[in-house]
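# Structural features, examined
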Amino acid sequence: MTVSNPQILKEYELVKRAQENIHCFSELYNKFHYSIFSYVYKKIKNKDVAADITSLVFEKAMRNLNSYAFKGVPFAAWLYRIAFNEVVMYFRKSDKKYLIDANANDLTFLGNEVVDFEKEEKIKCLLASINKQSEEDQKLIQLRFFEELSFFKIAEIIGTTENNAKVKVFRIIAKIRNELNANRIKK
């Protein structure tokens, strides 16, 4: 695979060094710790739990570093995928419901994708509809509309192709749109 992005290539050089000498993993840890912790904390809303999960992410990354295969994308995508999976596991084990944390601007951005959007009442309806979706669908909405990640990055996080990530998100949008339109007709 030919990659011309110097930043990605530089990261890959760090990875190769760490694969050859695990003591070099500290460079990767220092480079990505804050962003992974921030990502986890944004989902969990508890610093201690986020710190524990972040530690687990880096422990898993270090243990599995030799199985990491360079695919021309940032190393962070692999770490985010591990973090995403650990957050999912946390919510499954803790019996806590994953709720989307979004402000009115975030919901307006999503709402514009779903229906002709008028503010307050529709924001409440939209949020209610999102919270009715499956945990996986809520996470995809979170990644796309509230974290504003590209389909490419979403695909890396959930372990699928970019096109599959698009299809999944568009199906969720269609499902929400249909539900909101059905509710509008009832009124």
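As a reminder, the structure under discussion sits directly above these lines.
A brief report on the enclosed structure follows. Residue positions are given per chain, counting from 1 as you read along its sequence in written order. Local features are withheld for residues below a pLDDT of 70 in this predicted model, meaning they are given only at 70 or higher, and side-chain atom pairs are given and counted only at 80 or more; totals for whole chains, interfaces and linings count all residues. Excluded from the side-chain calculations are hydrogens and water; all other atoms, namely the structure's heavy atoms, are used.

## Notes on the overall build of the protein
Quick reminder of the rule: Helix and strand definitions here come from DSSP, where helices need a minimum of 4 consecutive H or I residues and strands a minimum of 2 consecutive E residues; each element is numbered from the N-terminal end. For every residue, the accessible area (1.4 Å probe, protein chains only) is compared with the maximum for its type, and the residue is labelled buried under 20%, exposed over 50%, or partly exposed between those bounds. By definition, residues are in contact when any of their heavy atoms lie within 4.5 Å. Accessible surface area values rest on a Shrake-Rupley calculation with a 1.4 Å probe, where residue burial reflects the displayed protein chains alone.
Helix and strand content of the protein: nine helices and zero strands. Ordered by position from N to C terminus, the α and β elements of the protein give α-α-α-α-α-α-α-α-α. Residues classed as buried in the protein amount to 40% of the 187 residues present. The contacts in the protein between residues at least 6 apart in sequence include a share of 63% that link residues at least 24 apart. In the structure as shown, the protein presents an accessible area of about 10900 Å², 50% of it carried by carbon and sulfur atoms.

## Some words on the layout of surface pockets
Selection rule: Think of a 1 Å grid over just the protein atoms. A cavity is a set of points where a 1.4 Å probe fits yet cannot get out, a pocket is an open set with protein on both sides within 12 Å along at least five of seven lines, and lining residues have an atom within 4 Å of a point. Grid points are joined across faces, edges and corners, and a volume is the space filled by probe spheres set on the points. Residues are grouped as follows: Ala, Val, Leu, Ile, Met, Phe, Trp, Tyr, Cys and Pro are nonpolar; Asp, Glu, Lys and Arg are charged; all remaining types, including Gly, are polar.
Considering only enclosed or pocket space, the largest pocket measures out at about 280 Å³ in volume. Forming the walls of the largest pocket are 15 residues, and the residues nearest its centre are Y39, Y80, L149, K153 and I157. If you list the elements that add at least two residues to the lining of the largest pocket, you get α2 (25–44), α4 (75–94) and α8 (151–158). When the residues that make up the lining of the largest pocket are grouped by side-chain class, the tally is nine nonpolar, two polar and four charged.

## So, unusual backbone geometry
A positive phi angle, close to 65 degrees, is found at K45, a residue other than glycine. Relative to the helices and strands, K45 resides in the loop between α2 and α3 (47–63).

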